Amino acid sequence: MTAGKVIELRGVQQRFHARGTPSGYLTAVEDASFRLDAEPPQVVSLVGQSGSGKSTIARNVLGLQKPTAGTVTYGGKDIFKLSRAEHDEYRRNVQPVFQDPYSIFNPFYRVDRVLWKAVKKFDLATTREQGLAMIEESLQAVSLDPGRVLGRYPHQLSGGQRQRIMLARIHMLRPAFVIADEPVSMLDAQIRKMFLDILLDFQRDHGMTTLFITHDLSTVYYLGGQVMVINKGVIVERGPVTSVMHTPSHPYTRLLLDSIPQPDPDNRWTTRIKVDDEESLPPSDSQEVTPII
Ligand SMILES: Nc1ncnc2c1ncn2[C@@H]1O[C@H](COP(=O)(O)OP(=O)(O)OP(=O)(O)O)[C@@H](O)[C@H]1O
Ligand SMILES: [Mg+2]
């Protein structure tokens, strides 16, 4: 199912109308080109500071936002022009994990529902017993005790547990690609490591390729694989994590590396970090920002 599957972005540009800016629009992604291969399974990180266009790219890849220029293809076909059957296959094979899964859960339903919905929507089991066995196995695969999480409401779980339920869902679906947008930003160091290890297990044991989006270079370093560095909507550097981090060639990558806090009170940051795109943001009273599509 996954062999030969490739997601490819070519010259992706995403502009949004933005009243109050000199040009009348804001360019979130200037020019993004890269490919994600299902074979061999890999982890590709996309790292950059806040506002650099990372989530916009995730939305382009997930088909939630059609780029204003350029293409996103899957197996050579434009994902915005897929037939219904092809679109369903894409939806099944390209699964998201977001920063805060709370919004995915309906507070009035037990968390089981998210998992049962996946079983039903994608026809994963023929009987209820089979479905339950699958759910339990997937919860165990992400170090959750089914007896302790099934039957609970979302607010009764910690953020790390909710996030791992989303991983259990992915474990059940076995997609070719996982698009993870800042999935560990709200987790403490220990749970963060557990989450990253599960993604690496998914790569090794189930052949999943992950696009891992983060602003945190230490997480990128832990994951290994390939990294792309994005600055103001442009991918400025890419390559194996170790070489990009040990011998960065772009000044922005060096700046990101220098911005990693040192656990040393005698070695504090001496320069103020400036978020460049603040200036280009529309005034706060201008709420009208709509995609140009
Ligand atoms: N729907 C939208 N309408 C208007 N502007 C948008 C929209 N989505 C994103 N932007 C703008 O595009 C730029 C890139 O946003 P994006 O969310 O992709 O950044 P990011 O790299 O994910 O940042 P963060 O690390 O803070 O999540 C920002 O300036 C943002 O304000
Ligand atoms: Mg983001």
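Residues numbered from 1 in each chain as written. Chains lettered and ligands numbered in written order. Predicted model: local features only at pLDDT ≥ 70, side-chain atom pairs only at ≥ 80, totals over all residues. Heavy atoms only, no water.

- The protein chain has the name ABC transporter ATP-binding protein in an unreviewed UniProt entry, where Kribbella sancticallisti is given as its organism.

## What to know about the packing of helix H3 (residues 112-121) against helix H4 (residues 128-141)
Next, step 1: Close contact between H3 and H4 brings their axes to 10 Å; oriented N to C, the two are set at 125 degrees. Between H3 and H4, the angle falls in the class oblique. In the crossing of H3 with H4, the sense of the turn from one axis to the other is right-handed. Contacts from Leu-115, Trp-116 and Val-119 of H3 reach H4 at Arg-128, Gly-131, Leu-132, Ile-135 and Leu-139.
Next, step 2: The class makeup of the residues in the contact of H3 with H4 is six nonpolar, one polar and one charged. (Axes fitted to C-alpha atoms, helices over the stretch in contact; angles between N-to-C directions. Helix = DSSP H or I, 4+ residues; strand = E, 2+ residues; numbered from the N terminus. Parallel < 35°, antiparallel > 145°, perpendicular 65-115°, else oblique. Left-handed = near helix turned anticlockwise from the far one by under 90°. Contact = heavy atoms within 4.5 Å. Nonpolar A, V, L, I, M, F, W, Y, C, P; charged D, E, K, R; others polar.)

## A word on the nonpolar core
Next, step 1: If you look at the biggest cluster of nonpolar residues, it comprises 36 residues, and the most contacted ones within it are Ile-165, Phe-202 and Phe-212.
Next, step 2: For this core, the secondary structure elements donating two or more residues are H3, H4, helix H6 (159-173), strand S7 (177-181) and helix H7 (189-206).
Next, step 3: Looking at this core, the element that brings in the most residues is H6, giving seven residues.
Next, step 4: If sequence neighbours within four positions are ignored, Phe-212 has contacts with Val-43, Val-44, Ser-45, Leu-46, Ala-180, Pro-183, Val-184, Leu-196, Leu-199, Thr-219 and Leu-223. (Core = buried A, V, L, I, M, F, W, Y, C linked by side-chain atoms within 4.5 Å. Buried < 20%, exposed > 50% of the residue type's maximum accessible area, 1.4 Å probe, protein only.)

## So, the site of ligand 1
Next, step 1: Inspection of the region around ligand 1 gives 14 residues, with Ser-50, Gly-51, Lys-54, Ser-55 and Thr-56 positioned closest.
Next, step 2: Taking Ser-50, its side chain carries an N or O atom lying 2.5 Å from an oxygen atom of ligand 1.
Next, step 3: Take Ser-55: an N or O atom from its side chain is 2.8 Å from an oxygen atom of ligand 1.
Next, step 4: Coverage of ligand 1 by the protein chains reaches 70% of its 630 Å² of free accessible surface.
Next, step 5: Secondary structure elements with two or more residues in the shell around ligand 1: strand S2 (25-37) and helix H1 (54-61). (Near = heavy atom within 4 Å. Polar contact = N/O pair within 3.5 Å; in protein donor to acceptor, adjacent residues only side chain to side chain. Areas by Shrake-Rupley, 256 points an atom, 1.4 Å probe, with all protein chains shown as cover.)

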